[in-house]
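Below, each chain spelled out in residue letters.
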Amino acid sequence: MAETTLVLIKPGGVERNLIGEVTRRVEARGLRVTGLKLIRAERGTVEEHYAEHRERPFFKDVCDYLTSGPIVCMAVSGTNAVKAIRAMMGATNPVEAAPGTVRGDLALTIDDNLTHSSSDPEAAERELKLWFPEGTVG
Ligand code: CMP
């Protein structure tokens, strides 16, 4: 099924010059980049993005982190894009992420797990509206 999902490359990924590596993997898989921008995220946008985690102990730290430097916002479209991207990024905790995944190959700690990707189609719709209010080309 044709879908569009959101990928964020977090400040650590941008700092480590991994924009190209992450994007290369997405495109090599056969998915299409249908929205792309490098921004400094507003605190309010990040807090809304992570609203489901508001009561979790890591909420403040993850919001601090996402606003600590530039991030890449990417809309990715294609067949089963939501599930395909989640699998490609690997488990949230990089030490549990399989080799061959972005996190399994390029990250080590949950606090700096390189990317965020939408968990399901409903989250994707909500997150794409939040990060791409201007729309995408998908
Ligand atoms: P992400 O997929 O962006 O969603 C929430 C983020 O919070 C997660 O990736 C991690 O970077 C961060 N985080 C920190 N600690 C935890 C935790 N214990 N469980 C889930 N996410 C965590």
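Below, the structure is looked at part by part. (Residues numbered from 1 in each chain as written. Predicted model: local features only at pLDDT ≥ 70, side-chain atom pairs only at ≥ 80, totals over all residues. Heavy atoms only, no water.)

**Some remarks on the site of the ligand**
Lining the immediate environment of the ligand, one finds Lys 10, Tyr 50, His 53, Arg 56, Phe 58, Val 62, Thr 92, Arg 103, Ile 110, Asp 111, Asn 113 and His 116. The separation between an oxygen atom of the ligand and a polar side-chain atom of Lys 10 is 2.8 Å. In the model, an oxygen atom of the ligand is placed 3.2 Å from a nitrogen or oxygen of the His 116 side chain. Here the ligand, which alone exposes 450 Å², has 80% of that area covered by the protein. Assessed atom by atom at 2 Å from the grid points, the ligand resides in the largest pocket. (Near = heavy atom within 4 Å. Polar contact = N/O pair within 3.5 Å; in protein donor to acceptor, adjacent residues only side chain to side chain. Areas by Shrake-Rupley, 256 points an atom, 1.4 Å probe, with all protein chains shown as cover. 1 Å grid on protein atoms, 1.4 Å probe; cavity = no way out; pocket = protein on both sides within 12 Å on 5 of 7 lines; lining within 4 Å. Sits in = over half its atoms within 2 Å of the grid points.)

**Observations concerning the state of the cysteines**
As enumerated under the stated definition, the model contains zero disulfides in all. Here Cys 63 stays free of any disulfide, with the sulfur of Cys 73 as its closest cysteine sulfur at 15 Å. Note on Cys 63: relative accessible area 0%, which makes it buried. (Disulfide = S-S within 2.5 Å. Buried < 20%, exposed > 50% of the residue type's maximum accessible area, 1.4 Å probe, protein only.)

All quantities given are derived from atomic positions and should not be read as evidence of function.
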